[in-house]
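Each chain, written out:
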Amino acid sequence: MELIRGDALRGHLETMILSALERSEAHGFEVLRRLEAAGCGVLHLKEGSLYPALYRLEAAGLIKGKWQEGSGERRGPRRRVYSLTRKGTRRLAEGRAGWRRFVQVVGGILGAPA
Amino acid sequence: MKEFMVHVERAVRPVRAESAQKFKMRRELLAHLTCIYEEELARRSDPAAARVEALRRFGDPAALTRELQGSVPVLERILHTPIPALSWMTTIQQLNSRRPGESESHYAVRSAVRQGILLTCAAVPFGIIRMAGSGWALTPSELGVMAGCLAALAVLNSAFLYLIAGMARAVRGDLRPAALVRAAGYWAGAVVAGLASAPVSARMLLGNENRHNRLLVIAAVLAVALLGIAAVIRLDAVAKRRQSEWTALEIGE
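In what follows, the accompanying structure is described.

Rules used in this analysis
Residues numbered from 1 in each chain as written. Chains lettered and ligands numbered in written order. Predicted model: local features only at pLDDT ≥ 70, side-chain atom pairs only at ≥ 80, totals over all residues. Heavy atoms only, no water. Contact = heavy atoms within 4.5 Å. Buried area = accessible area lost by both parts, 1.4 Å probe. Salt bridge = Lys/Arg side-chain N within 4 Å of Asp/Glu carboxyl O. Polar contact = N/O pair within 3.5 Å; in protein donor to acceptor, adjacent residues only side chain to side chain. Helix = DSSP H or I, 4+ residues; strand = E, 2+ residues; numbered from the N terminus. Nonpolar A, V, L, I, M, F, W, Y, C, P; charged D, E, K, R; others polar. 1 Å grid on protein atoms, 1.4 Å probe; cavity = no way out; pocket = protein on both sides within 12 Å on 5 of 7 lines; lining within 4 Å. Points joined across faces, edges and corners; volume = space filled by probe spheres on them. Axes fitted to C-alpha atoms, helices over the stretch in contact; angles between N-to-C directions. Parallel < 35°, antiparallel > 145°, perpendicular 65-115°, else oblique. Left-handed = near helix turned anticlockwise from the far one by under 90°. Buried < 20%, exposed > 50% of the residue type's maximum accessible area, 1.4 Å probe, protein only. Phe/Tyr/Trp six-rings, centres within 6.5 Å; stacked < 30°, edge-to-face > 60°. Lys NZ or Arg CZ within 6 Å of the ring centre and 35° of its normal.

On the side of chain A, 22 residues touch chain B, which itself brings 24 residues to the contact. Here chain B meets chain A over a buried area of about 2,100 Å², counting both sides, of which 59% is carbon and sulfur. The tally of links between chain B and chain A comes to 3 salt bridges. Counting across the chain B and chain A interface gives 8 residue pairs in polar contact (both at pLDDT 80 or more). Broken down by secondary-structure element, the contributors of at least two residues to the side of chain B that touches chain A are helix 2 (19–44), helix 3 (47–58) and helix 4 (61–70) of chain B. If one sorts the elements of the side of chain B that touches chain A by residue count, helix 2 of chain B sits on top with 14 residues. The class makeup of the residues in the side of chain B that touches chain A is 10 nonpolar, 6 polar and 8 charged.

Quick look at the structure:
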């Protein structure tokens with residue numbers, strides 16, 4: 001199956017990140033793993049490009065981040081853990097509704113309803 | 001690790017943003033890159049190949065710079081845009097910097113005297129306003145007193161700035177007891193010098209009419225303000241030290 005690259009996700013990546021964080025808080029690396037797992041291996045992102053989206057979401061108050069305390073299990077730099085805010089949960093619901101509408105309309109036009 | 005830091009720094013350094021935000025980006029991107037490397041290393045058991053693959057997966061630094069820049073709020077971006085016309089700031093900084101071979105104490109005195117004189121010059125327009133307010137009718141002896149006050153102010157301001165610079169030097173380094181004692185000494189000296197300049201300024205600008213001494217209030221305000229300055233200098237020094245391992249990296253700009 002052809003890979004879906006970052007450019008094709010423009011406009012959707014942020015809602016997808018909100019969705020990945022819905023289950024539980026996670027650091028960037030884990031968010032990416034969840035997105036890839038949910039994308040069944042078809043989704044292909046340049047990993048660094050996840051962070052600008054996280055910063056935009058944080059600046060908009062949709063997620064909040066905090067530095068992870070050292071657990072001793074893992075060496076290397078500290079990671080930042082993100083969680084969904086109430087505003088983020090609302091935005092995710094809006095994003096899902098918007099997506100359903102989009103698929104319905106465009107699918108109807110293309111003759112390929114979801 | 002250094003190769004990863006250089007890769008991250010190539011992406012982050014050109015971003016126009018607050019230094020605290022850039023520091024967050026650096027730490028977080030490095031943590032991510034390290035995670036990818038560990039994952040690849042576990043998969044391949046070949047450090048060199050794992051490094052190459054980690055960098056490939058992470059993405060091109062120039063493209064990441066553009067994306068990171070897009071995540072910075074517009075106002076913050078504008079405030080950190082370099083303005084070519086402000087290169088004169090660099091010239092001023094060069095004029096104010098330490099000359100080759102100049103001792104630290106000589107440099108401290110020289111820059112304090114220069115800045116003290118500049119600060120005193122700022123009082124001159126107020127003196128002129130006072131003369132104009134009296135209809136240019138001040139007596140020669142009063143003009144002499146004003147000139148004397150200006151000279152005294154130049155000395156006091158220089159001493160004041162010298163002591164503040166000493167306090168800054170003391171709080172910038174390791175906060176050992178000796179450094180704290182030195183900082184406290186400079187702080188107390190600066191309060192005294194600042195306090196001494198208050199009646200001189202008042203005499204010059206208000207003449208003999210000034211009978212309301214509020215030295216205690218001035219001393220309290222000055223003492224608190226100088227403590228605030230010391231705290232800001234300390235925080236700035238700590239932040240700069242934390243970031244220096246990044247900003248000192250050679251990234252082949």
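Below, the discussion takes up empty space enclosed by the protein. In this structure the tally under the stated criterion is 1 cavity of 30 Å³ or more. In terms of lining, the largest cavity is formed by A:His27, A:Gly28, A:Phe29, A:Tyr51, A:Arg79, A:Arg80, B:Glu28, B:Ala31 and B:His32. Of all the elements in the fold, those that place two or more residues in the lining of the largest cavity are helix 2 (28–38) of chain A together with helix 2 of chain B. By residue number, the principal contributor to the lining of the largest cavity is helix 2 of chain B, which donates 3 residues. A per-class count over the lining of the largest cavity returns 3 nonpolar, 3 polar and 3 charged.

With that settled, the discussion passes to the packing of helix 3 (residues 50–59) of chain A against helix 2 of chain B. At a minimum axis separation of 11 Å, helix 3 of chain A and helix 2 of chain B run at an interaxial angle of 135°. If you check the angle between helix 3 of chain A and helix 2 of chain B, you find them oblique. Taken as a pair, helix 3 of chain A and helix 2 of chain B cross one another with a handedness that is right-handed. Of the residues in helix 2 of chain B, those touching helix 3 of chain A at A:Tyr51, A:Tyr55 and A:Glu58 are B:Gln21, B:Lys24, B:Met25, B:Glu28, B:Leu29 and B:His32. Class assignment for the residues of the contact of helix 3 of chain A with helix 2 of chain B results in 4 nonpolar, 2 polar and 3 charged.

As a further point, take the pattern of salt bridges. Residues and elements named next belong to chain B. Considering all chains together, one arrives at 28 salt bridges over all chains under this definition. Residue arginine 13 is joined to glutamate 9 by a salt bridge in which the shortest nitrogen-to-oxygen separation is 2.8 Å. A salt bridge links lysine 240 to aspartate 236; its shortest N-O distance comes to 3.0 Å. Here aspartate 236 and lysine 240 lie together in helix 11 (residues 215–247), a separation of 4 residues that amounts to about one turn. For lysine 240, a relative accessible area of 54% corresponds to the exposed category. On the accessibility criterion, aspartate 236 (37% relative accessible area) is partly exposed.

Applying the stated criterion across every chain, the model contains 3 aromatic pairs over all chains. Ring centres of A:Tyr51 and A:Tyr55 lie 6.4 Å apart, and the angle between their planes is 45°; on these two criteria the pair is classed as tilted. Of this pair, A:Tyr51 and A:Tyr55 both sit in helix 3, 4 residues apart, which is roughly one turn of that helix. Ring geometry for A:Trp99 and A:Phe102: centres 5.5 Å apart, planes at 25°, overall stacked. Taken together, the residues span about one helical turn, with A:Trp99 and A:Phe102 both in helix 4 (residues 86–110) at a distance of 3 residues. One Lys or Arg, A:Arg80, reaches over the ring of A:Trp67 and ends 5.3 Å from the middle of that ring. A cation over an aromatic ring shows up here: B:Arg27 above the ring of A:Trp67, its NZ or CZ 4.2 Å from the ring centre.

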